[in-house]
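Summary of structural features
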Amino acid sequence: MPAPGLSLEDVSFLLVWTAVAIYALAFIAYAIDLARRSDLAVKAKDAARDRELVAAGGAAVTAETARYTDVRAQEAAALADLEAPLGQRKRYLWARIGTSLTVLGFLFHVGGDVLRGIAAGRVPWANNYEFALTGTMLIVAVFLVVLFRYDLRFLGSFITGLVAVFLGGAALAFHVDVTPLADPLKSVWLVIHVFVASLSTAFFALAFALSVLQLLQHRREWAALAAVGTDEEGAPRRSGPSFLRTLPSAEALESLAYRFAIIGFIFWTFTLIAGSIWANDAWGRYWGFDTKEVWTFVIWVLYAGYIHARATRGWRGARSAWLSIVGFSAVIFNFVVVNMFFKGLHAYSGLS
Amino acid sequence: MDDAGAGDDERDARTGIAQPRLGLVGWLRWGWRQLTSMRTALVLLLLLAIAAIPGSIVPQRSADPNGVTQWRTDNPDLFPILDGLQLFDVYTSVWFSAIYLLLFLSLIGCVIPRTTHHWRAMRARPPRTPVRLSRLDDHIETVMPVPGGATAADAAREAVASAEAHLRKAGYRVERYDSEAKGRVPASFSVSAERGYLRETGNLVFHGALVGVLISVGIGGGLTYTGQTVIVEGDSFVNSVGIGYTSFNPGRFVDVDGLPPYALTLDRFDVSYVPAGQAGQGQAGDFAAHLTVAEPGRADRDGVVRVNHPLDIEGDRIYLMGNGYAPTITVRNADGDVVFREDVAFLPQSSTMTSLGVVKIPDGLPQQMGLVGFFYPTVTPTHSGALSSMYPDLVKPLLTLDVYVGDLGINDGTPRNVYALDTSEMTQLTGRQIDVDSLELEPGQTAELPDGLGTVTFENAQNDGAPGVVKRYVSLSVHRDVGAPFVLAFAILALAGLLAALFVPRRRMWVKATPDGADVRLEYAGLARGEDPAIATAVADLARAHGASLPAPPDDAKVD
Ligand code: HEM
């Protein structure tokens with residue numbers, strides 16, 4: 001019988017909502033950071049133009065070459081920033097606030113997740129609400145771990161925004177009380193298969209964000225190239241948010257996106273295999289084109305396509321980035337739409 | 001990009017040019033080249049992804065036959081069109097098959113030449129050191145003073161020898177390319193090293209293993225069978241197509257008469273329900289079918305089938321697919337002779353196990369008789385006065401029966417669904433529809449049939465030795481899948497290949513020493529082959545480690 005007062009489950013739910021609120025604040029801080037980077041970028045550019053004018057006065061350097069070396073230097077600097085070790089990172093105040101808030105939100109998030117698991121007496125990923133709870137937690141965890149290696153704080157607003165929306169949405173729409181597990185879910189494969197699937201989602205999310213930035217950066221680079229030698233040179237048409245100037249080149253973003261995508265792809269391949277083993281135990285066949293199986297397969301093939309595209313002439317660059325974006329859209333679709341509306345054997349959303 | 005990939009590009013480029021007058025062989029060759037190009041592979045992959053989607057939207061005959069029937073009822077006009085497009089059998093359709101077969105043809109055509117190419121590359125020596133290493137992206141140059149008492153050439157030779165040892169220890173395959181001074185050309189000493197052949201090996205293993213998966217699925221499918229059966233507590237099943245199965249689907253090459261001989265007896269079926277008042281009330285779980293397995297020449301043994309834990313017998317796997325109640329019903333005619341006595345499996349209609357069952361009595365009564373029964377394990381009246389079950393366990397069991405007499409429609413010998421009664425040629429004697437109370441029976445009770453036809457008894461199964469007052473039954477599925485272990489093995493091989501292909505760096509390294517007056521110029525350079533984010537670090541590490549091991553440490557490195 002439920003005890004009076006707050007149950008573990010209620011506390012978990014409160015922690016989750018607190019985490020959502022903190023992530024929302026982190027999102028704002030990161031967004032301010034990006035806006036301020038734009039300012040910095042503009043200032044840096046003005047300074048560069050002054051230097052350029054001085055230089056042009058004396059030496060026989062054409063403005064065009066100066067611009068070119070300028071852009072290259074900017075890109076190299078951005079790449080160095082990206083790979084700078086922890087101690088030597090740029091001191092973006094608002095990004096720091098954003099990261100601190102993200103860590104704080106993450107602590108609440110972990111608390112909520114763990115309490116949910118304790119309340120249920122099992123791993124906290126056995127229905128849609130719990131998938132979202134643990135999946136978003138892994139996204140933040142992977143993001144924070146990756147921050148040790150790369151300065152990806154410019155993805156902070158994307159990550160915290162995504163997580164706040166999904167976690168908040170799940171708490172609103174998917175939340176269900178703890179119920180005992182249905183028999184087919186009582187399996188070690190629930191622990192492994194679902195966890196690894198969520199983990200790969202986290203890597204796909206990072207790859208997706210980088211691919212989007214890659215496309216924006218790509219557009220900006222083209223516009224900048226097209227503007228060289230025209231009247232617009234000084235002030236090229238607006239081609240995307242100006243914080244892009246502080247980010248690495250489209251090519252560097254692409255190779256980073258690829259690195260995350262292949263890690264995600266490996267985990268996804270494992271998910272596919274582990275799922276088949278489980279299906280063979282639970283349903284008596286390892287593969288049956290059940291709706292969820294179809295979508296797992298579609299996602300796998302899409303990312304295989306993405307990896308191929310990167311090795312195919314004419315598909316590297318923007319086109320392959322689109323495949324990464326389509327792939328991640330399929331991941332989200334698989335989680336939200338397929339779980340909720342498609343009928344199949346994987347009826348574990350806990351929603352009716 | 002790998003060698004083979006580059007080869008593809010070249011091929012792509014060549015095929016882009018219109019070639020005059022192709023003979024049949026020429027056209028075939030052209031078609032083959034198109035098919036095995038990277039671009040075709042990519043397009044086919046994307047097509048495969050798209051083509052798989054409709055099968056998740058429209059119900060499939062293989063996974064959800066009832067859904068297909070329902071769809072047909074709901075959309076009678078659209079159905080023939082979609083059916084013509086094979087949209088209810090997407091994964092065996094002509095168009096889906098065409099895509100994946102072409103893809104695998106492309107795959108094979110791609111992998112074979114790459115395998116021979118790789119085979120040769122693995123046995124070739126690392127390539128000659130480029131003349132101007134400084135042209136490479138990752139390049140470091142240092143200057144080492146020649147130690148006293150040595151010539152510059154000796155110092156250079158020695159430095160390269162130590163670099164060679166270094167690289168070999170780091171897993172590189174190495175080759176020395178030294179040239180003595182000749183006329184005006186100065187002497188130069190260098191080692192060329194290459195590592196990461198495993199990357200391409202992994203790639204080939206991965207793609208090859210995919211072919212293995214497909215073949216295992218294809219061949220395995222022909223040798224695979226699945227069969228369904230229902231066993232009531234106390235009853236047995238014999239593994240033989242004619243006797244034991246309610247349905248049986250063999251693959252093309254299955255010897256239907258050669259099934260392994262064994263028999264299963266259901267001793268007991270266990271299930272637990274979440275008690276009323278708790279979250280998930282009435283949810284069933286911990287299903288366990290306790291069986292006795294009898295095999296010729298062996299002592300009987302116990303076996304348990306649970307969800308997620310099938311029972312393995314002689315290469316067959318037995319799965320628990322469903323369960324329900326099987327009330328024992330006895331019908332006697334007006335003279336008191338037993339005309340029917342059976343455990344009748346009732347189909348559950350809800351999670352609270354309100355169940356539906358049918359009894360057909362063709363002989364022994366003046367007219368053929370059919371009974372349509374509802375069984376409620378925990379009966380409770382609803383607002384409308386109809387009955388329902390509020391809990392799935394046997395708390396207050398009740399059986400209701402509607403009686404029909406007339407023609408059962410089974411005389412012509414065509415098989416009928418045992419769970420449905422065709423009442424078109426029958427007269428209803430009890431039931432709400434005709435305002436006559438249905439017969440209501442608790443276990444152990446007997447009721448009179450209308451019109452003095454006789455009696456019907458709902459037996460208390462415990463008198464029969466069953467664990468509960470009503471027997472339970474399980475539906476089991478028997479599977480043999482010969483291909484599955486191979487599919488799994490190839491899938492794991494593919495995963496292993498993938499790990500190597502994506503994470504083993506393939507790179508070439510060179511260390512070159514050139515005597516230069518009183519100094520030796522040392523150059524370190526690396527070239528990534530395929531994705532290799534760490535190449536710059538690798539070159540820098542090599543330069544540092546090698547520099548530190550030299551007798552006369554060089555000056556600060558110049559990186560460019
Ligand atoms: C069933 C279809 C296929 C799938 C699922 C698939 C999947 C993959 C994956 C996951 C990779 C990256 C891992 C690795 O390098 O091994 C890859 C790489 C590659 N695949 Fe495939 N592939 C398929 C068919 C093909 C075909 C038909 C070709 C040839 C036309 C091909 C040529 C290549 C090449 C050259 C690479 C290396 C790319 C690189 O260096 O980045 N693949 N493939």
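**Observations regarding the overall build of chain A**
The helix and strand inventory of chain A stands at nine helices and zero strands. Helices and strands appear in chain A in the N-to-C order α-α-α-α-α-α-α-α-α. Here chain A, with 352 residues, has 56% of them falling under the buried criterion. In chain A, once contacts between residues fewer than 6 apart in sequence are set aside, the share between residues at least 24 apart is 85%. With an accessible surface of roughly 15,200 Å², chain A has 69% of that area assigned to carbon and sulfur atoms.

**Re the packing of helix α7 (residues 94–123) of chain B against helix α9 (residues 197–222) of chain B**
All names here are of chain B. Across the interface, α7 lies against α9 with an axial gap of 10 Å and an inter-helix angle of 150°. Along this stretch, α7 crosses α9, giving a crossing that reads as left-handed. On α9, the residues that touch Tyr100, Phe104, Leu107, Ile108, Val111, Arg114, Thr115, His118, Ala121 and Met122 of α7 are Tyr197, Glu200, Thr201, Asn203, Leu204, His207, Leu210, Val211 and Leu214. Residue composition of the contact of α7 with α9, grouped by class: 12 nonpolar, five polar and two charged.

**As for the site of the ligand**
Taken together, 23 residues lie near the ligand, and His308 of chain A together with Cys110, Arg114, Asn203 and His207 of chain B sit nearest. Within the side chain of Asn203 of chain B, one N or O atom sits 2.8 Å away from an oxygen atom of the ligand. Between the ligand and His207 of chain B there is a distance of 2.8 Å, counted from a nitrogen atom to a side-chain nitrogen or oxygen. Elements with a minimum of two residues in the shell around the ligand: α8 (291–309) of chain A together with α3 (38–52), α7, α9 and α10 (484–503) of chain B. Residue contributions to the shell around the ligand peak at five residues, all from α7 of chain B. In the shell around the ligand, the residues fall into 15 nonpolar, six polar and two charged.

**Description of the packing of aromatic side chains**
Applying the stated criterion across every chain yields a total of 35 aromatic pairs over all chains. Look at Tyr258 of chain A and Tyr306 of chain A: their rings are 6.3 Å apart centre to centre, the planes differ by 45°, and that puts the pair in the tilted class. One end of the pair, Tyr258 of chain A, is in helix α7 (residues 250–282); the other, Tyr306 of chain A, is in helix α8, with 48 residues separating them in the sequence. Owing to a relative accessible area of 6%, Tyr258 of chain A belongs among the buried residues under this scheme. Centroid distance Tyr273 of chain B to Tyr391 of chain B: 6.1 Å. Interplanar angle 65°. Geometry classified as edge-to-face.

**A word on the interface of chain A and chain B**
It is common to give the size of an interface as the accessible area that goes away when the parts come together. Counting residues at the interface gives 52 residues for chain A, matched by 53 residues for chain B. Note on chain A versus chain B: buried area summed over both sides is about 4,400 Å², and carbon and sulfur give 67% of it. Of all residues in chain A, Asp183, Tyr286 and Arg313 of chain A give up the largest surface area on contact with chain B, accounting jointly for 15% of the area buried on that side. In this structure, the connection of chain A to chain B is made through three salt bridges.

**Here's the deal with helix α5 (residues 65–74) of chain B**
Side chains that are three or four residues apart share a direction in an α-helix, a result of its 3.6 residues per turn. Residues and elements named next belong to chain B. Every buried residue of α5 is listed here: Gly67, Val68 and Trp71. Down the axis, α5 shows its buried residues gathered within 100° of arc, on one side only. Of the exposed residues in α5, the ones pointing more than 90 degrees away from its buried face are Asn66 and Thr73. Contacts from the buried residues of α5 go to α6 (78–84).

**Some words on the nonpolar core**
Within the largest apolar cluster, 131 residues are counted, with the highest numbers of intra-cluster contacts made by Phe143, Leu152, Phe154, Leu155, Leu210 and Phe260 of chain A. Ignoring anything within four residues of it in the chain, the contact list for Leu152 of chain A reads Leu82, Phe143, Val146, Leu147, Leu210, Leu256 and Phe260 of chain A. Counting residues in each nonpolar core, the second largest holds 53 residues, with Phe269, Ala289, Ile318 and Ile329 of chain B among its members.

**Overview of the coordination of the iron atom of the ligand**
Taken together, the protein ligands of the iron atom of the ligand are His308 of chain A (NE2) and His207 of chain B (NE2), with distances of 1.9 to 2.0 Å. In this structure, the iron atom of the ligand is surrounded by six donor atoms whose angles at the metal cover 78 to 178°, and the resulting shape is octahedral. Of this pair, His308 of chain A sits in helix α8 while His207 of chain B sits in helix α9, which puts the two residues in different chains. A single burial state applies to His308 of chain A and to His207 of chain B, both of which are buried.

**Details of the environment of Asp422 of chain B**
Residue and element names in this part refer to chain B. Inspection of the secondary structure assignment puts Asp422 in the loop between β19 (398–406) and β20 (426–428). Residue Asp422 is classed as partly exposed on the basis of its relative accessible area of 37%. Measuring from C-alpha to C-alpha, the distance between Asp422 and Arg176 comes to 89 Å, with 246 residues separating the pair along the chain. Discounting residues that sit within four places of it in the chain, Asp422 has contacts with Asp407 and Leu408.

**Focus: the sheet that holds strand β9 (residues 301–306) of chain B**
All names here are of chain B. The sheet built from four strands is open, its strands ordered β5-β7-β8-β9 with antiparallel pairing. The open sheet terminates on both sides in strands that have one partner only, identified here as β5 (236–238) and β9. Across this sheet, the average inter-strand angle for adjacent strands is 30°, counted without regard to direction. Direction of pairing for strand β7 (residues 263–273) relative to strand β8 (residues 284–294): antiparallel, over a ladder of nine bridges. Of the residues in β8, the one forming a bridge with Leu266 is Leu291.

**Thoughts on the pairing of strand β4 (residues 225–232) of chain B**
Residue and element names in this part refer to chain B. Taken together, the four bridges between β4 and strand β6 (residues 247–250) define a ladder with antiparallel strand orientation. Pairing of Gln228 across the sheet is with Ser247, part of β6. Both β4 and strand β24 (residues 471–480) contribute to a ladder of eight bridges, which runs antiparallel. When the bridges of β24 are listed, Ile231 appears paired with Val474.

**Thoughts on unusual backbone geometry**
With glycine set apart, most residues show a phi of negative sign, and most peptide bonds adopt trans. If you check the backbone angles, Phe289 of chain A has positive phi at about 50° while not being a glycine. Relative to the helices and strands, Phe289 of chain A resides in the loop between α7 and α8. We note that Gln86 of chain B has phi near 60°; this positive angle belongs to a residue other than glycine. Structurally, Gln86 of chain B can be placed in the loop between α6 and α7.

**A look at the sheet that holds strand β13 (residues 338–343) of chain B**
Residue and element names in this part refer to chain B. With antiparallel pairing, the four strands of this open sheet are ordered in space as β13-β12-β23-β22. The open sheet has two edge strands, β13 and β22 (446–448), and neither has a second partner. Each neighbouring strand pair of the sheet contributes to a mean axis angle of 15°, computed without reference to strand direction. In the sheet, strand β12 (residues 328–333) pairs with strand β23 (residues 454–458) via five bridges, with the strands oriented antiparallel. Among the inter-strand pairings, Asn333 is bridged to a residue of β23, identified as Gly454.

**Some details on the pattern of salt bridges**
Residue and element names in this part refer to chain B. Under the counting rule described, the total for this entry stands at 38 salt bridges over all chains. The partner of Arg176 in a salt bridge is Glu164, and the shortest N-O contact between them spans 3.0 Å. Separated by 12 residues along the polypeptide, Arg176 in strand β2 (residues 173–176) and Glu164 in helix α8 (residues 152–169) bring together distant segments of the chain. Residue Arg176 is classed as partly exposed on the basis of its relative accessible area of 24%. Glu164 gets classed as buried once you look at its relative accessible area, which sits at 16%. Between Asp312 and Arg317 there is a salt bridge, with its nearest N and O atoms 3.1 Å apart.

Quick notes on the rules
- Think of each chain on its own: its residues are numbered from 1, step by step along the sequence as written.
- Following the order in which they are written, the chains are lettered starting with A and the ligands numbered starting with 1.
- Reporting of local features is limited, given that this is a predicted model, to residues whose pLDDT is at least 70; pairs of side-chain atoms are given and counted only at 80 or more, and all residues count toward the totals for whole chains, interfaces and linings.
- Think of the side-chain values as coming from all heavy atoms in the structure, minus any hydrogens and water.
- Helix and strand labels come from DSSP, where a helix needs a run of H or I of at least four residues and a strand needs a run of E of at least two; each type is numbered from the N terminus.
- Partly exposed residues are those whose accessible area sits between 20% and 50% of the maximum for their type, while under 20% is buried and over 50% is exposed, using a 1.4 Å probe and protein chains only.
- By definition, residues are in contact when any of their heavy atoms lie within 4.5 Å.
- Only the protein chains shown count as cover for residues, with accessible areas throughout obtained via the Shrake-Rupley method and a probe of 1.4 Å.
- Each axis is a line fitted through C-alpha atoms, and for a helix only the stretch in contact is used; angles between axes span 0 to 180 degrees, taken between their N-to-C directions.
- Two helices cross in a left-handed way if the nearer one is turned anticlockwise from the farther one by less than a right angle. They cross in a right-handed way if the turn is clockwise.
- Under the convention adopted here, Pro, Cys and the residues Ala, Val, Leu, Ile, Met, Phe, Trp and Tyr are nonpolar, Asp, Glu, Lys and Arg are charged, and Gly plus all remaining residues are polar.
- Being near a molecule or strand, for a residue, comes down to having at least one heavy atom within 4 Å of it.
- Polar contact criterion, stated in full: a pair of N or O atoms within 3.5 Å, where within protein one must be able to donate a hydrogen and the other to accept it, and residues adjacent in sequence count only if both atoms are side-chain atoms.
- By convention, a stacked pair of Phe, Tyr or Trp rings (six-membered ring in the case of Trp) has centres within 6.5 Å and planes under 30 degrees apart, an edge-to-face pair has planes over 60 apart, and any other such pair is tilted.
- Buried area is calculated as the accessible area (1.4 Å probe) missing from two parts once they are joined, with the contributions of both summed.
- Salt bridges, as used here, are contacts in which a Lys or Arg side-chain nitrogen is within 4 Å of a carboxyl oxygen on Asp or Glu.
- Working note: the arc is built from the helix axis to C-beta atom directions.
- Note on terminology: a nonpolar core comprises buried Ala, Val, Leu, Ile, Met, Phe, Trp, Tyr and Cys residues joined through side-chain atoms within 4.5 Å.
- Metal donors were taken as nitrogen, oxygen and sulfur atoms no farther than 2.8 Å from the ion, or 3.2 Å where the ion is Na, K or Ca. Water is excluded, so coordination may look unfinished.
- Note on geometry labels: four donors, all angles 85 to 135 degrees, give tetrahedral; four donors become square planar and six octahedral when opposite donors are over 155 degrees apart and every other angle is between 65 and 115; remaining cases are irregular.
- By definition, two strands form a pair when at least two bridges between them are found by DSSP.

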